[in-house]
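# Overview (structure and organization)
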Amino acid sequence: MPTAGHDPVLVAGAGPVGLVTALLLARAGIPVRVFEKRGALSRASRASTFHPPTLAILDELGVADTAVSAGRVVREIQYRDAAHKVLARFDMSDLAAETPFPFRLHYEQAELTRRILAVLRQLPGAEVTFGAEVVGAETAGSQVAADIRFASGREKVIGSWLFAADGAHSAVRNSIGIQFEERPYETRVLRVMTRQDMDSVVPGIAPLSYIFTEEGSCSLLRMPDCWRIILRVPAEITERQALEADWRREQLGRFFSLSDLRESDFISTDIFAVSRALAAENRAGRIFLVGDAAHLTNTRGGMNMNCGIHDAYAIAGALIDTLRGGPASMLEQRARERHEIARNELIPRTDHRVANASDWLRDVRDCAGDPGKSREFLRSASMLDMAPPVKPRGESIAG
Ligand SMILES: Cc1cc2nc3c(=O)[nH]c(=O)nc-3n(C[C@H](O)[C@H](O)[C@H](O)COP(=O)(O)OP(=O)(O)OC[C@H]3O[C@@H](n4cnc5c(N)ncnc54)[C@H](O)[C@@H]3O)c2cc1C
C-alpha cells in the first residue's frame, strides 16, 4: 500500500470525472474520499459519446465491457445533404491498427457513473459520501483541507491531495480564486429524443450522421434505445419559443419530410446553452482541477467529458507514480500538459466544428475522398492525438 498511514486523496464531485479519478486511485490502493453535494448520482441525460481512448481507459479500470455491451457501437459516420444524399462517409474500422477500440460508443454518462459507483463500493479504501457539498478548500504544506457542508453541519476534512471535479460552477475553483471566464456560443442546442427508428425516415442512415442544408446542420445519434436529434437554436429565438411544438416542427421540416416523422414517438425535447471556458490554471499546490471545473466547450463532436476523463487518467496516474516514488516533476508536467491540451486542442477543435458549416463540410468532403486524410480526420475526431497514452492491457497503472 503506497500511502498506508497517509491522509486520503479527496475528490469533490461524483460526476464521471470525479468517479474515474476515485476508481483509478482506489484500484492502486490509495485511500480516496469522494464528496458529492447531491443526495444521489445525477440521472440527467448528458454525454452520449465515448471515444476510443476513453474506452481504453475504462477498459483499464475494468468497466469497459459492461459499457460496450449496454451501449451502441458506432463504426460508420455519414455526412448528408438536404436531399439525404451521402456526401461523405467514414469507417472507424480504419483505426484498427491504432486502437483496440476502433469505434465510438453511444452510452449515457449516467449509466457509466452508476456502474463506477457500484465498483467503488466493493473496493476497500474508497468512500463516496452523498449530501456533502464542498464549499471551499485550502492547500498548505503536505495537506489539503476541504470545508464540507453536510445536512448536519460543516466539517473540515483533511486530505493529502484534492481533485476538484465539481463541474462548471466549481466551488473549489472559486474558493481558491482561479479565474474561469465563460463565453457563450452564439447558438444553443435543442435536443429531441425519439423512439422512432430514423432509418425509416432516412434509409441507410449511419448511427452518427450529420445533415447539412444551405441554412445549417442537424446531428443524429443512435442511442441503445432511441435517437437523439440535435438542432441549433439561434440567439434571437427565446427558450420558450424553441420548446414550442410549432418551432420544433418548422426546424425539423428543414431536414426531414414531416410526414415521415412520428411526433407521437418523441420522448423529450430539451434546450441547452453552451459556453467555452478555460480555468486560468488547473493546479494550485495540492489541488487539481479536472473535467468541467477546468474546461468547457460546445457539445459538437462530444469531447468535453472525454477530455475530463483523460485529465483524470493523466493526472491521477501521475500522482500514483509519484506516491510510489516517481519524480514529483512528472505530476507537474502532466497537469501542465492537460491544461495545454484543453487550450490548444479541445477548445479550438470543437470551435472549428461549429464556426462555419460550409467550411467544415468542405474539409470533411476533402478528407473522405482520400484514405490518408480520412484516417487523420478520424484520429482527430476520435481524440486519439490528444489523449494520454494508455498502458496496454495487463500493465495497468493500478496494477
Ligand atoms: C446535452 C449534453 C450533451 C453532452 N454530450 C457530450 C458528449 O457526447 N461527450 C462529451 O465528452 N461531453 C458531452 N457533454 C459534456 C459532459 O456532460 C460534461 O463534460 C461532463 O458531465 C463533465 O463531467 P464532470 O464530472 O467534470 O462534471 P459534472 O458531470 O458536472 O459532475 C460534477 C459533479 O459534482 C457535483 N458537485 C457540484 N458542486 C459540488 C460541490 N460544491 N461539492 C460536491 N459536489 C459538487 C455535481 O452534483 C455533479 O455530480 C454534454 C453535455 C450536455 C449538457
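What this report covers is the structure whose coordinates are included nearby.

About the criteria used
- Residues numbered from 1 in each chain as written.
- Predicted model: local features only at pLDDT ≥ 70, side-chain atom pairs only at ≥ 80, totals over all residues.
- Heavy atoms only, no water.
- Near = heavy atom within 4 Å.
- Polar contact = N/O pair within 3.5 Å; in protein donor to acceptor, adjacent residues only side chain to side chain.
- Areas by Shrake-Rupley, 256 points an atom, 1.4 Å probe, with all protein chains shown as cover.
- Helix = DSSP H or I, 4+ residues; strand = E, 2+ residues; numbered from the N terminus.
- Nonpolar A, V, L, I, M, F, W, Y, C, P; charged D, E, K, R; others polar.
- Buried < 20%, exposed > 50% of the residue type's maximum accessible area, 1.4 Å probe, protein only.
- Axes fitted to C-alpha atoms, helices over the stretch in contact; angles between N-to-C directions.
- Parallel < 35°, antiparallel > 145°, perpendicular 65-115°, else oblique.
- Left-handed = near helix turned anticlockwise from the far one by under 90°.
- Contact = heavy atoms within 4.5 Å.
- Pairing = 2+ DSSP bridges.

In the vicinity of the ligand there are 31 residues, among which Glu36, Gln109, Val134, Asp292 and Met305 approach most closely. One of the side-chain N or O atoms of Arg38 is found 3.0 Å from an oxygen atom in the ligand. Side-chain polar atom of Asn306 to an oxygen atom of the ligand: 2.9 Å apart, as the coordinates give it. Across the complex, the protein chains shield 90% of the 1000 Å² of accessible surface that the ligand would expose by itself. For the shell around the ligand, the secondary structure elements donating two or more residues are helix H1 (16-27), strand S2 (32-36), strand S9 (133-140) and helix H8 (304-323). Examining the composition of the shell around the ligand, we find that 3 residues originate from one element, H8, more than from any other. The residue makeup of the shell around the ligand, split by class, is 12 nonpolar, 11 polar and 8 charged.

Right, let's talk about unusual backbone geometry for a bit. Notably, His84 is not glycine yet its phi reads approximately 70°, a positive angle. The class for His84 is buried, based on a relative accessible area of 17%. Positive phi outside glycine occurs at Met383, with the angle close to 65°. For Met383, the location among the structural elements is in the segment after helix H11 (371-381).

Here we take up the packing of helix H2 (residues 52-60) against H8. The geometry of H2 relative to H8 is characterised by a closest axis approach of 10 Å and an angle of 45° between their N-to-C directions. As summarised for this structure, H2 and H8 are arranged oblique, according to the angle between their axes. In the packing of H2 onto H8, the handedness of the crossing is left-handed. Residues Pro53, Thr54, Ile57 and Glu60 of H2 form the contact with H8, whose own contacting residues are Asn306, Ile309, His310 and Tyr313.

Remark on secondary structure: sheet strands pair via backbone hydrogen bonds, oriented parallel or antiparallel. Reading across from one edge, S6-S5-S15-S16-S17-S14-S18 is the order of the 7 strands in this open sheet, with mixed pairing throughout. Either end of the sheet is taken by a strand with one partner, and the two such strands are strand S6 (86-91) and strand S18 (266-272). Each strand axis lies, on average, 15° off the axis of its neighbour in the sheet, ignoring direction. Pairing of strand S5 (residues 76-80) with S6 involves 5 bridges; the strand directions are antiparallel. In the sheet register, Gln78 faces S6, and the bridge partner there is Arg89. Of the strands in this sheet, S5, S6 and strand S15 (208-213) touch helix H10 (residues 357-368), which is tilted by about 60° from S6.

Time to look at the sheet that holds strand S7 (residues 104-106). In space, the 3 strands of this open sheet follow the order S3-S7-S4, with antiparallel pairing throughout. Whereas interior strands pair on both sides, the edge strands pair on one side only; in this sheet they are strand S3 (49-50) and strand S4 (72-74). Where S4 and S7 come together, 3 bridges link them in antiparallel fashion. Bridging across to S7, Arg72 finds its partner in His106.

Attention now moves to the environment of Gly291. On the secondary structure map, Gly291 appears in the loop between strand S21 (287-289) and strand S22 (295-296). Given a relative accessible area of 1%, Gly291 falls into the buried group. Note: C-alpha distance between Gly291 and Asp311 (20 residues apart in sequence) is 6.8 Å. Discounting chain neighbours no more than four positions away, the residues touching Gly291 are Val17, Gly308 and Asp311.

None of this, on its own, says anything about what the molecule does.
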